[in-house]
Amino acid sequence: MNYDPIFDKWHEECGVFGVFDRTVDVARYVYWGLFALQHRGQESAGIAITDGNEVALKKGMGLLTEAIKELPTLKSHMGTGHVRYSTTGSNNPRNIQPLVIHYQGGQIAVAHNGNLTNALGIRRQLEADGSIFQTTMDSEVIVNLIARSKADTQEERIADAARQIEGAFSLVITTNDSLVGVRDPQGFRPLCLGKTEHGYVLSSESCAFDAIKAEFIRDIDPGEMVIIDDRGVRSTIYAEPQKIDKKLCVFEYIYFARSDSKIDGQSVYETRLNMGRELYNETKYDADIVMSIPDSGTTAALGYARASGIPFAEGLIKNRYSGRTFIKPNQEERELAVRMKLNAMPEVVGGKRIVLIDDSIVRGTTSGLIVKILKEAGAKEIYMCVSSPAIEYSCHYGIDTSVRKELIAATHTIEEIRDYIKADKLHYLSKEGLCRAVSGVPEADLCFACFNGDYRVDVPTEQEEGVKYVLE
């Protein structure tokens, strides 16, 4: 499950990247692209490159630099890569993507970002029909559907498989002849197209294009499949028109995406500044300084400071070299882990009324510890501001969050949460304020299911969720 128990954060679970270019070192380009997407997944990484006949694959556990010590050396013109947090598959080497298969229709390498909501039912049917699965990932359902399709071409087989799966999926796939990008009919997860001097690139986020000096062209539309080969770029809408209903995850803007990316034409950085401005407009707190819980709340805190005229200060210093922390078995060890990663500066916070900005509160386990650390350092009052509405529902579209009863806002009022974390004030950004912040994207095109429970694609029942966790 991609939840950080120390910092009480959800994580996006994957980043995907692909290159088609006959003039560059494809493996190196994919590596650089994945490096720019490292924030989207830090458990494992993989790169698959192909010359159309053979596939060379390198993958491993950990950060990209840990997972891939040497690049695949096959002379190639296509490649796809993947960085990952686990969602429906366990944190296990056999679940590292891209998935490479050879079948009657040729060979393909598949990288998947998202979470399929009907994967369990399809998997059971495929197993009943004789299919064998090597991993616990829902992504393996996709390659099985491609291999079993009766369509004539690999691209048509991919489209056939995409019409059968539901939920969140942005796919980057190499076939024998082409690089293929697919985005689900709701567009829950981002996917965009870029251009190198002599080729093309697909990426989860536009920030990765800058790493290889590629030019951003456009976002892939929900329900669209793009095919890149020696003839250039072709596009088709594979999804049935009545199923296309754009619902980009709004948490991409709140937290998941890198600040220097643009998603569906909207600057992530400007959106987060806007969230801070909207928080000030809704609170008008009188305080001495504005601070963030680094780093996810920093841009919104800058927005609050600019709107309010209250100075921005760095009162919490983050240890960026403490590494990843394993789940702690009790509150005492969790507190020690937080103190290892964050340290308050008494000379900055002492005697101050502080507006403290964070992007979200999931279980509330860490917010109270940070308030405690600041007050021990001499802070007079803490006004906690959250740059998103309260999270009351689980996500099933690529975040795979806790069961609902573990989300603090699902079982507690805002006043109860404020009392639990010992803040002097607590304010969540309203949905209306959030929509104003993401002004470049219509409200109707965004998914707010984790805030309001409005699931536009059927989600698993609690019984099915239980089976899923047993699989892990």
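What counts and what doesn't
Residues numbered from 1 in each chain as written. Predicted model: local features only at pLDDT ≥ 70, side-chain atom pairs only at ≥ 80, totals over all residues. Heavy atoms only, no water. Helix = DSSP H or I, 4+ residues; strand = E, 2+ residues; numbered from the N terminus. Phe/Tyr/Trp six-rings, centres within 6.5 Å; stacked < 30°, edge-to-face > 60°. Buried < 20%, exposed > 50% of the residue type's maximum accessible area, 1.4 Å probe, protein only. Lys NZ or Arg CZ within 6 Å of the ring centre and 35° of its normal. Arc of directions from axis to C-beta. Contact = heavy atoms within 4.5 Å. Polar contact = N/O pair within 3.5 Å; in protein donor to acceptor, adjacent residues only side chain to side chain. Axes fitted to C-alpha atoms, helices over the stretch in contact; angles between N-to-C directions. Parallel < 35°, antiparallel > 145°, perpendicular 65-115°, else oblique. Left-handed = near helix turned anticlockwise from the far one by under 90°. Nonpolar A, V, L, I, M, F, W, Y, C, P; charged D, E, K, R; others polar. Salt bridge = Lys/Arg side-chain N within 4 Å of Asp/Glu carboxyl O.

**Student:** Please explain unusual backbone geometry as it appears in this structure.
**Tutor:** Glycine aside, the phi torsion of most residues is negative, and most peptide linkages are trans. A cis amide bond links Gln97 with the next residue in sequence, Pro98, at an omega value of 5 degrees. Mapped onto the elements, Pro98 comes out in the loop between strand S6 (78–84) and strand S7 (99–103). Each neighbour pair has its own omega, and for Pro294 with Asp295 the value is 0 degrees, a cis peptide bond. Structurally, Asp295 can be placed in the loop between strand S19 (289–292) and helix H9 (298–308). Even without a glycine there, the phi angle at Lys213 is positive, about 60 degrees. Within the element layout of this structure, Lys213 appears in the loop between helix H6 (207–211) and strand S13 (215–219). A positive phi angle is found at Lys422, which is not glycine, with a value near 65 degrees. Along the chain, the position of Lys422 falls in the loop between helix H14 (414–421) and strand S24 (425–428).

**Student:** Explain the packing of aromatic side chains to me, please; I cannot follow it from the model alone.
**Tutor:** Think of a pair of aromatic rings as described by two things: how far the centres are apart, and how the planes are tilted against each other in angle. Taken as a whole and judged by the stated rule, the model has 7 aromatic pairs. Residues Phe251 and Phe451 carry aromatic rings whose centres are separated by 5.8 Å and whose planes lie at 35 degrees to one another, so their mutual orientation is tilted. Here Phe251, found in helix H7 (residues 251–256), pairs with Phe451, found in helix H16 (residues 449–452); they are 200 residues apart in sequence, far enough to count as distant. Grouping residues by exposure puts Phe251 and Phe451 together as buried. Cluster of aromatic residues (ring-pair linked, three or more members): Phe251, Tyr255, Phe256 and Phe451. Positioned over the ring face of Phe133 is Arg123, at 4.4 Å from the centre of the ring. Across the ring face of Phe448, the terminal group of Lys431 is positioned such that the distance to the ring centre comes to 4.6 Å.

**Student:** I would appreciate a short explanation of H14 in the present structure.
**Tutor:** One turn of an α-helix holds 3.6 residues; hence residues three or four places apart share an orientation. When we look at burial in H14, the residues that qualify are Ile417, Arg418 and Ile421. Along H14, the residues classed as buried sweep out an arc of 100 degrees about the axis, all on the same side. At its buried positions, H14 is contacted by helix H12 (367–376), strand S23 (381–386), helix H13 (408–411) and S24.

**Student:** Just to check I follow, could you spell out the environment of Lys59 for this structure?
**Tutor:** Summarising the element assignment, Lys59 is placed in strand S5 (residues 55–61). Along the sequence, Lys59 and Ile96 sit 37 residues apart, while their C-alpha atoms lie 6.8 Å from each other. If we skip the residues at most four places from it in the chain, Lys59 touches Ala45, Gly46, Ala67, Ile96 and Pro98. One polar contact links the side chain of Lys59 to the main-chain carbonyl oxygen of Ile96, over a distance of 3.3 Å.

**Student:** Can you walk me through the packing of helix H8 (residues 268–283) against H9 in this structure?
**Tutor:** The relative placement of two packed helices comes down to the angle between their axes together with the axis-to-axis distance. Interaxial distance between H8 and H9 falls to 7 Å at its minimum, and their mutual angle equals 50 degrees. By the angle between their axes, H8 is oblique relative to H9. Two packed elements cross with a definite hand, and for H8 against H9 that hand is right-handed. On the side of H8, the interface is formed by Tyr269, Arg272, Leu273, Gly276, Arg277, Leu279, Tyr280 and Thr283, while H9 contributes Thr299, Ala300, Leu302, Gly303, Tyr304, Arg306, Ala307 and Ser308. Here the contact of H8 with H9 is composed, by residue class, of 8 nonpolar, 5 polar and 3 charged.

**Student:** So what exactly am I meant to see when it comes to the pattern of salt bridges here?
**Tutor:** Close approach of charged atoms lets side chains of opposite charge pair. Evaluation of the coordinates by the stated rule reveals 24 salt bridges. With a closest N to O distance of 2.8 Å, Arg22 and Asp230 form a salt bridge. Of the two residues, Arg22 sits in the loop between strand S3 (14–20) and helix H1 (26–36) while Asp230 sits in the loop between strand S14 (224–229) and strand S15 (232–237), which places them 208 residues apart along the sequence. When its relative accessible area of 51% is taken as the criterion, Arg22 is described as exposed. One salt bridge connects Glu252 with Arg189, and the closest N-O pair in it is separated by 2.9 Å. Residue Glu252 is located in helix H7, and its partner Arg189 is located in the loop between strand S10 (179–183) and strand S11 (192–195); the two are separated by 63 residues in the primary sequence. For Glu252, a relative accessible area of 0% puts it in the buried group. Members of the salt-bridge network, linked through shared partners, are Arg40, Arg189, Glu205 and Glu252.

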